[in-house]
Amino acid sequence: MSVTDRATPLLVDASPRPAKRPVLWAALWTTVTLAGTVVFGLWALTLGDYPISMLDAARAVVGDGHRADLLVVQQWRLPRVLAAVLAGAAFAASGALLQALLRNPLASPDVIGVNMGATAVAVAAIIIGVPGVLVPGGALLGAVAAAALLVGLAWRNGIGADRLVLVGIGLHTALYAVKTFLVLRFPDDLVQSAVLWTVGTLYNRTWTEVAVAAVAVAVLTPTALVLLRLLAVLDLGDDLAAGLGLRVRLVRLGIVAAAVAFAAVGVGLGGPLPFIALAVPFLARLIAGPLSPRTFVLALVLGAAVLLGADVTAQHALPTALPAGVVTASVGAPLFFWLLWRHHRGKART
């Protein structure tokens with residue numbers, strides 16, 4: 001099956017198909033999740049070796065309170081909390097766009113090599129001493145290069161969804177080998193920070209990095225919402241969509257570009273945090289039905305909440321503080337195998 005043939009019945013839908021839920025249902029989940037994320041993020045600011053109450057943490061966020069509270073909250077803890085929120089939202093958005101375009105629940109940037117392309121270039125940038133603020137730019141270049149290579153290798157009169165996933169898994173493995181070579185080739189003092197970053201960590205995020213990511217997410221989100229509405233027209237079939245004046249290839253290219261940019265933002269901010277892009281869009285569709293602009297917004301909020309929860313768990317709920325990527329991988333790997341089993345079971349039934 002090719003994504004260029006939108007009129008062809010799908011063998012396996014990319015999302016569970018619950019009964020249609022009203023707009024208010026998705027809005028309710030989005031509101032509750034957003035409010036819960038804000039409260040949880042405020043509570044996260046109180047955790048650590050320096051004790052602080054939630055009230056004092058809230059005051060420090062707005063620039064009020066004791067000097068020590070302001071230092072701990074504004075310089076150390078708040079950038080990390082915001083980085084988790086932005087990276088989680090970016091990964092979820094990237095996965096949602098790719099899964100909507102390809103109609104395949106396994107089409108996420110961390111599975112098909114996009115994240116690993118961003119990781120390989122970012123690791124090279126860290127090793128050669130590129131300033132930290134430029135690392136996200138390197139991640140973007142790597143993600144774009146990996147996406148271009150993926151499309152080139154998977155193209156056969158269109159891009160088959162299953163073929164894209166299989167080629168992407170191979171590309172991911174090859175790029176992982178490149179990243180491993182870089183880590184092993186250079187001295188430990190040069191690669192130490194790169195190794196920590198490749199696990200997926202939000203440690204030592206700066207306000208500059210958070211600001212760049214916030215601007216990128218703010219620009220990409222409305223763009224993605226517009227593209228999702230255009231993607232709904234493509235569901236009518238390429239010929240009919242073109243007859244309605246839609247530039248089919250340009251819309252698909254725009255969706256891929258937006259997904260790659262979202263993935264690059266997430267990787268540049270938190271490293272290749274695994275399985276958020278795979279699992280969160282699935283959860284959003286399970287709650288609010290097939291992907292639409294409102295489901296997409298819910299996925300962004302859920303992604304922020306999931307990564308923030310994973311980071312707090314990795315820091316404070318385990319005997320030893322670990323990178324957030326360890327927690328997301330531990331939860332996401334079983335989910336990946338379940339999705340793979342479900343995907344092939346659905347094809348067998350058809």
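Provided above is the structure to which this section pertains.
Described below are features of the structure shown in this document. (Residues numbered from 1 in each chain as written. Predicted model: local features only at pLDDT ≥ 70, side-chain atom pairs only at ≥ 80, totals over all residues. Heavy atoms only, no water.)

### Let's talk about the nonpolar core
- In terms of nonpolar packing, the biggest core is built from 95 residues, with Leu 97, Phe 262, Phe 296 and Leu 307 touching the most fellow members.
- The element contributing the most residues to this core is helix 3 (residues 67-102), with 18 residues.
- Excluding residues within four positions of it along the chain, Phe 262 makes contact with Ala 90, Ala 93, Ser 94, Leu 97, Val 217, Leu 220, Thr 221, Ala 224 and Phe 296. (Core = buried A, V, L, I, M, F, W, Y, C linked by side-chain atoms within 4.5 Å. Buried < 20%, exposed > 50% of the residue type's maximum accessible area, 1.4 Å probe, protein only. Helix = DSSP H or I, 4+ residues; strand = E, 2+ residues; numbered from the N terminus. Contact = heavy atoms within 4.5 Å.)

### Quick word on the packing of helix 8 (residues 207-234) against helix 12 (residues 293-317)
- Where helix 8 meets helix 12, the closest approach of the two axes is 9 Å, and the angle between their N-to-C directions is 145°. For the crossing formed where helix 8 meets helix 12, the hand is right-handed. Here Thr 221, Ala 224, Leu 225, Leu 228 and Arg 229 of helix 8 come into contact with helix 12, specifically with Pro 293, Phe 296, Val 297 and Leu 300.
- Class assignment of the residues belonging to the contact of helix 8 with helix 12 gives a composition of seven nonpolar, one polar and one charged. (Axes fitted to C-alpha atoms, helices over the stretch in contact; angles between N-to-C directions. Left-handed = near helix turned anticlockwise from the far one by under 90°. Nonpolar A, V, L, I, M, F, W, Y, C, P; charged D, E, K, R; others polar.)

### As for the side chain of Asn 115
- Here Asn 115 lies in helix 4 (residues 114-127).
- Once residues within four sequence positions are removed from consideration, Asn 115 is found in contact with Phe 91, Pro 109, Asp 110, Ala 263 and Val 267.

### Re the pattern of salt bridges
- One pass over the structure, following the stated rule, counts four salt bridges.
- Across the pair Arg 59 and Asp 56 runs a salt bridge whose closest N-O atoms are separated by 3.8 Å. Of the two residues, Arg 59 and Asp 56 both sit in helix 2 (residues 54-61), three residues apart, roughly one turn of that helix.
- With a relative accessible area of 35%, Arg 59 lands in the partly exposed category.
- On the accessibility criterion, Asp 56 (24% relative accessible area) is partly exposed.
- As a salt-bridge pair, Arg 80 and Asp 311 come within 2.9 Å of each other at their nearest N and O atoms. Separated by 231 residues along the polypeptide, Arg 80 in helix 3 and Asp 311 in helix 12 bring together distant segments of the chain. For the residue pair Arg 80 and Asp 311, the accessibility class agrees, reading buried in each case. (Salt bridge = Lys/Arg side-chain N within 4 Å of Asp/Glu carboxyl O.)

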